[in-house]
Amino acid sequence: MTMRPIRIIGDPVLRSPCDPVTSFDADLRALVADLMDTLLGAPGRAGVAAPQIGVSAQVFVYDADGHRGHLVNPTLELSEELQDDDEGCLSIPGLYFPTPRAMHATARGFDQHGQPLTISGSGFLARALQHETDHLHGRLYVDTLRGDTRRKALREIRAGRFDSPSRQR
């Protein structure tokens, strides 16, 4: 089992768009395994994207609403209906804010062997698919916040009012 440390806000890899995966090889399968070990290695995790472990590749794993898996090079189709629940991020530990997301999402991409894959979900699964796909584009959930909620989140981040990285292992 290879549980990798989670990169914390301020690390440039979290703000850089990831490279598309072009080789569906043993290295990709090892990355998916490391991501899944990292996801399942601590309770309460719903997803981990490659940049969160320092890898610039369009890959994430998820475990939400009874669905577990991975997706490579995802694209999203989103509903117009919205949800506005609290959201957090392993890369900004301990902070949670109401975050608008589409209520329904369909993610299309590939599995680790290059086979086409489609995942559709509502509610929490849709939120997780959107959150993890955002990571692959260099976006964090706080980037979607507006108004007073955004100001409060940015103040907390600047003040370092989130759990230390050592608690993320």
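Residues numbered from 1 in each chain as written. Predicted model: local features only at pLDDT ≥ 70, side-chain atom pairs only at ≥ 80, totals over all residues. Heavy atoms only, no water.

- An unreviewed UniProt entry lists the protein under the name Peptide deformylase, with Micromonospora sp. CCTCC AA 2012012 as the source organism.
- Database annotation for the protein, UniProt heading Function (unreviewed entry): "Removes the formyl group from the N-terminal Met of newly synthesized proteins. Requires at least a dipeptide for an efficient rate of reaction. N-terminal L-methionine is a prerequisite for activity but the enzyme has broad specificity at other positions." (UniProt positions renumbered as here; feature names shortened; annotations may be inferred.)

What to know about the nonpolar core
- If you look at the biggest cluster of nonpolar residues, it comprises 16 residues, and the most contacted ones within it are Leu28, Leu31, Leu35, Val48, Val59 and Val61.
- For this core, the element with the highest residue contribution is helix H1 (residues 26-40), accounting for six residues.
- Leave out the neighbours within four places in its chain, and Leu31 touches Ala50, Ile53, Val55, Ala57 and Val59.
- Membership of the second largest hydrophobic core comes to 12 residues, among which are Ala64, Leu71, Leu125 and Leu129. (Core = buried A, V, L, I, M, F, W, Y, C linked by side-chain atoms within 4.5 Å. Buried < 20%, exposed > 50% of the residue type's maximum accessible area, 1.4 Å probe, protein only. Helix = DSSP H or I, 4+ residues; strand = E, 2+ residues; numbered from the N terminus. Contact = heavy atoms within 4.5 Å.)

Here we look at the UniProt feature "active site" (unreviewed entry) in the protein
- As annotated in UniProt, the feature "active site" (unreviewed entry) corresponds to Glu132 in the numbering used here.
- Relative accessible area serves as the criterion here: at 4%, Glu132 is assigned to the buried category.
- Ignoring sequence-local partners within four residues, the contact set of Glu132 consists of Gly47, Val48, Ala49, Gln52, Phe60 and Val61.
- Among the polar contacts listed, one links the side chain of Glu132 to the backbone nitrogen of Ala49, at a separation of 3.3 Å. (Polar contact = N/O pair within 3.5 Å; in protein donor to acceptor, adjacent residues only side chain to side chain.)

Observations regarding the side chain of Thr99
- Here Thr99 is to be found in strand S5 (residues 92-102).
- For Thr99, the side chain forms a polar contact with the main-chain oxygen of Phe97, separated by 2.8 Å.

Focus: the sheet that holds strand S3 (residues 67-78)
- With antiparallel pairing, the five strands of this open sheet are ordered in space as S1-S2-S3-S6-S7. Lying at the two open borders of the sheet, with one neighbouring strand each, are strand S1 (47-49) and strand S7 (116-122). Ignoring strand direction, the axes of neighbouring strands in this sheet form an average angle of 40 degrees.
- As paired strands, S3 and strand S6 (residues 104-110) are joined by five bridges and run antiparallel to one another. (Pairing = 2+ DSSP bridges. Axes fitted to C-alpha atoms, helices over the stretch in contact; angles between N-to-C directions.)

Some thoughts on the pairing of S7
- Sheet topology note: the S6/S7 ladder contains seven bridges and is antiparallel. Within the sheet, the bridge partner assigned to Ala107 lies in S7 and is Ile119.

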